[in-house]
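A look at the structure
What follows is each chain in one-letter form.
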Amino acid sequence: MQPKIYFAKDHGIDPTLIDLDALYVLERLRQAGFIAYLVGGSVRDLLIKKVPKDFDISTSARPEQIKAIFQRQCILIGRRFRLAHIRFGHKIIEVSTFRTGENASGLITQDNEWGNPEEDVLRRDFTINGLFYDSSNHSIIDYVDGWEDVQQNVLRAIGEPQIRFKQDPVRLLRLLKFHARFAFKIDPATEAAIHACRGEITKSSPARILEELLRMLESGASAPFIRLLAEYSLLNILFPVLTQFLRTPQGKTIFHYLTCADQLYQHKGKNVLDRSVLTACLIFPILERELDRQYLSKKQVPHIGEITLVASSIIKEVLIQSFSHFPRRITSTMLSLLVSQYRLTPLSGKRHYREKLFRHKDFALALKFFKLRALVNEKLVDTYISIRNQYRQFLKHGERKHHHGPIHKHPHAAQRESAHG
């Protein structure tokens, strides 16, 4: 198959948006005699005039050959899908070798058969992710009509959609992710395959499912993504208790929280909110309902211990017992910041902002979630501003007042302090 080639005059990609380290990796591979292209999401984003988050590279060099070129700068990872990570400080450029081979019978479990560019791209998920960019002559190489689908804002599977989803059911989530992020319309055959294959999602690795979900919470498009998961009946498979709540009148509150979190991401960029804060958006409305049902509706005011037990039970039921059970490092922090909300706004109405609360290692995260609460409920805005200002004063003067000698902060304190406000 002869690819379609689009040059700079056709595609209008701004080369200054391409990461210099990615260009360096491409050049080193070419100098060593190998083919090397940018591939996937970075090419798609460049075409739609978005700054890519990551720059992935595909090459004819095999993993051991990549390692030989970059030596200590390179580490090889993965068994099912062997990859090279080229390290530039904290930044990683991911390099994969062109693959070939099909597994029409079902789930792919081994994927290390080397191929050429055409064979590689025909195995990828969607046409908009099937474009190569050759930095040596600034051309786009298109084997799958991905260029046309980008221009027409269409999401289309490469090859037979049902086969593609059965080979890797995580592609179901990726399809809805792109639909949520870019508002591209889904090709009818690809959409029909979602309904036919949604049960396949349980054959995926729970860890991969979890990572896709967490990345979408951080994407700035979490509200439409969760809505799409519910609409296509995938959420009910992965998080049945959450799905049941979304069907109640109070369920729309979750989307209010996610929308506010999305707005923060869109305004300030990635890594604005900790994953525990984002996940709390899914749990807090359920916690409010349960406290009302078990206590407030009976004219009882629960104490902090009782609130903690209810919150812990909900987290276990919704997240830990779901298909992709969330790790303890997220759930324990989330429990802390959820319970802290009832110290900041006690159900008794008596407010005491004690320095002990400010000293808690997770308080900055609790304050960040309280900001989301204030965005959802404007009646909390003044309270949020007051507490935020008290906390800032505490950070400025409180530790100096109560400590003699060096202050030992939580390892992530600096990051969390910079996040509040």
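The model shown is predicted, which means the values in this text are computed figures rather than measured ones.

**Some points on the packing of helix α15 (residues 275–294) against helix α19 (residues 363–376)**
How two helices sit against one another is set out by the angle between their axes and by the gap between those axes. Where α15 meets α19, the closest approach of the two axes is 10 Å, and the angle between their N-to-C directions is 50 degrees. Relative to α19, α15 is oriented oblique. The way α15 lies across α19 gives a crossing that is right-handed. Facing S276, V277, A280, C281 and F284 of α15, the residues of α19 in contact are L365, F369, L372 and R373. When grouped by side-chain class, the residues that make up the contact of α15 with α19 number seven nonpolar, one polar and one charged.

**Some words on the side chain of S135**
Following the sequence through the fold, S135 ends up in the loop between β7 (131–134) and β8 (139–142). Only 2.9 Å separates the side chain of S135 from the side chain of R30, close enough to count as a polar contact. If we skip the residues at most four places from it in the chain, S135 touches L23, L26 and R30.

**With respect to the pattern of salt bridges**
Counted according to the given criterion, the structure contains 20 salt bridges. Residue D21 pairs with K91 through a salt bridge whose shortest N-O separation is 2.5 Å. Here D21, found in helix α2 (residues 20–31), pairs with K91, found in strand β6 (residues 91–97); they are 70 residues apart in sequence, far enough to count as distant. Note that D149 is salt-bridged to R156, the shortest N-O span being 3.0 Å. Take D149: its relative accessible area is 5%, and that puts it in the buried class. With relative accessibility at 31%, the residue R156 sits in the partly exposed group. Connected via shared salt-bridge partners are E211, R215, E218 and R275.

**Focus on the nonpolar core**
Ranked by size, the top nonpolar core spans 107 residues in total, and within it L29, L38 and L372 carry the most contacts. The greatest single-element share of this core, amounting to ten residues, is contributed by α15. Not counting residues up to four positions away in its chain, the partners in contact with L29 are F34, A36, I57, T59, A61, I66, I69, F70 and V95. Among the nonpolar cores identified, the runner-up in size contains 13 residues, and F358, F363, L380 and Y391 belong to it.

**A short note on unusual backbone geometry**
If a residue is not glycine, its phi is most likely negative; likewise, a peptide bond is most likely trans. Positive phi values are uncommon outside glycine, yet H138 reaches one of about 55 degrees. With respect to the helices and strands, H138 occurs in the loop between β7 and β8. Judged by its relative accessible area of 35%, H138 falls in the partly exposed class. Even without being glycine, D145 reaches a positive phi, approximately 60 degrees. For D145, a relative accessible area of 39% gives the class partly exposed.

**Let's talk about the packing of aromatic side chains**
Under the criterion given, the structure shown has 21 aromatic pairs. Between Y37 and F98, the aromatic rings sit 6.4 Å apart at their centres with planes inclined by 50 degrees, giving tilted as the arrangement. Here the residue Y37 occupies a position in strand β2 (residues 36–39), and F98 occupies one in the loop between β6 and α5 (117–121), the gap between them amounting to 61 residues. Here Y37 matches F98 in class, with each residue buried. Between F178 and F182, the ring centres sit 6.2 Å apart and the planes meet at 15 degrees, which makes this aromatic pair stacked. Residue F178 and its partner F182 are located together in helix α8 (residues 170–182), separated by four residues, close to a single helical turn. The two residues F178 and F182 agree in class, both being buried. Members of the aromatic cluster, each reached through a chain of ring pairs, are F126, F165, F178, F182 and F184. The side chain of R99 reaches across the aromatic face of F81, ending 3.8 Å from its centre.

**A closer look at the confidence of the model for the protein**
A residue-level look at the protein finds 90% of positions with pLDDT of 70 or above and a mean pLDDT of 90. For residues 402–421, every residue scores under 50 in pLDDT, and the model assigns this stretch 26 contacts once sequence neighbours within four places are set aside.

**Here we look at α15**
Here α15 contains 20 residues, and its C-alpha end-to-end distance of 28 Å stays within 8% of the 28 Å for a straight helix at 1.5 Å per residue. Of all bends in α15, the biggest is about 40 degrees, found at C281, and the proline P285 comes one to four residues later. In terms of burial, α15 is a largely internal element, 15 of the 20 residues being buried.

**A word on the environment of F370**
Counting through the fold element by element, F370 comes out in helix α19. Separated by 205 residues in sequence, F370 and F165 place their C-alpha atoms 39 Å apart. With residues up to four places along the chain from it excluded, the contact list for F370 reads Q341, L344, T345, L380, T383, Y384 and I387.

**Let's talk about the sheet that holds β2**
Within the open sheet, the eight strands sit side by side as β1-β8-β7-β2-β3-β6-β5-β4. Their pairing is mixed. Each end of this open sheet is capped by a strand with a single partner; those strands are β1 (4–6) and β4 (74–77). Between one strand and the next, the sheet's axes are offset by a mean angle of 30 degrees, whatever the strand orientation. By the bridge criterion, four bridges tie β4 to strand β5 (residues 83–88) in an arrangement that is antiparallel. Along β5, the bridge assignment pairs I75 with H85. Sheet contacts for α2: β2, β3 (56–59), β5, β6 and β7; angle to β2, the most-contacted strand, approximately 150 degrees. Contacts between helix α4 (residues 63–70) and the sheet are confined to β3, β4, β5 and β6, with β4 contributing the most and set at about 160 degrees to the helix.

Reading guide: rules and limits
Residues numbered from 1 in each chain as written. Predicted model: local features only at pLDDT ≥ 70, side-chain atom pairs only at ≥ 80, totals over all residues. Heavy atoms only, no water. Axes fitted to C-alpha atoms, helices over the stretch in contact; angles between N-to-C directions. Helix = DSSP H or I, 4+ residues; strand = E, 2+ residues; numbered from the N terminus. Parallel < 35°, antiparallel > 145°, perpendicular 65-115°, else oblique. Left-handed = near helix turned anticlockwise from the far one by under 90°. Contact = heavy atoms within 4.5 Å. Nonpolar A, V, L, I, M, F, W, Y, C, P; charged D, E, K, R; others polar. Polar contact = N/O pair within 3.5 Å; in protein donor to acceptor, adjacent residues only side chain to side chain. Salt bridge = Lys/Arg side-chain N within 4 Å of Asp/Glu carboxyl O. Buried < 20%, exposed > 50% of the residue type's maximum accessible area, 1.4 Å probe, protein only. Core = buried A, V, L, I, M, F, W, Y, C linked by side-chain atoms within 4.5 Å. Phe/Tyr/Trp six-rings, centres within 6.5 Å; stacked < 30°, edge-to-face > 60°. Lys NZ or Arg CZ within 6 Å of the ring centre and 35° of its normal. pLDDT = per-residue confidence, 0-100. Expected span 1.5 Å × (residues − 1). Bend = angle between axes of the 7 residues up to and from the residue. Pairing = 2+ DSSP bridges.

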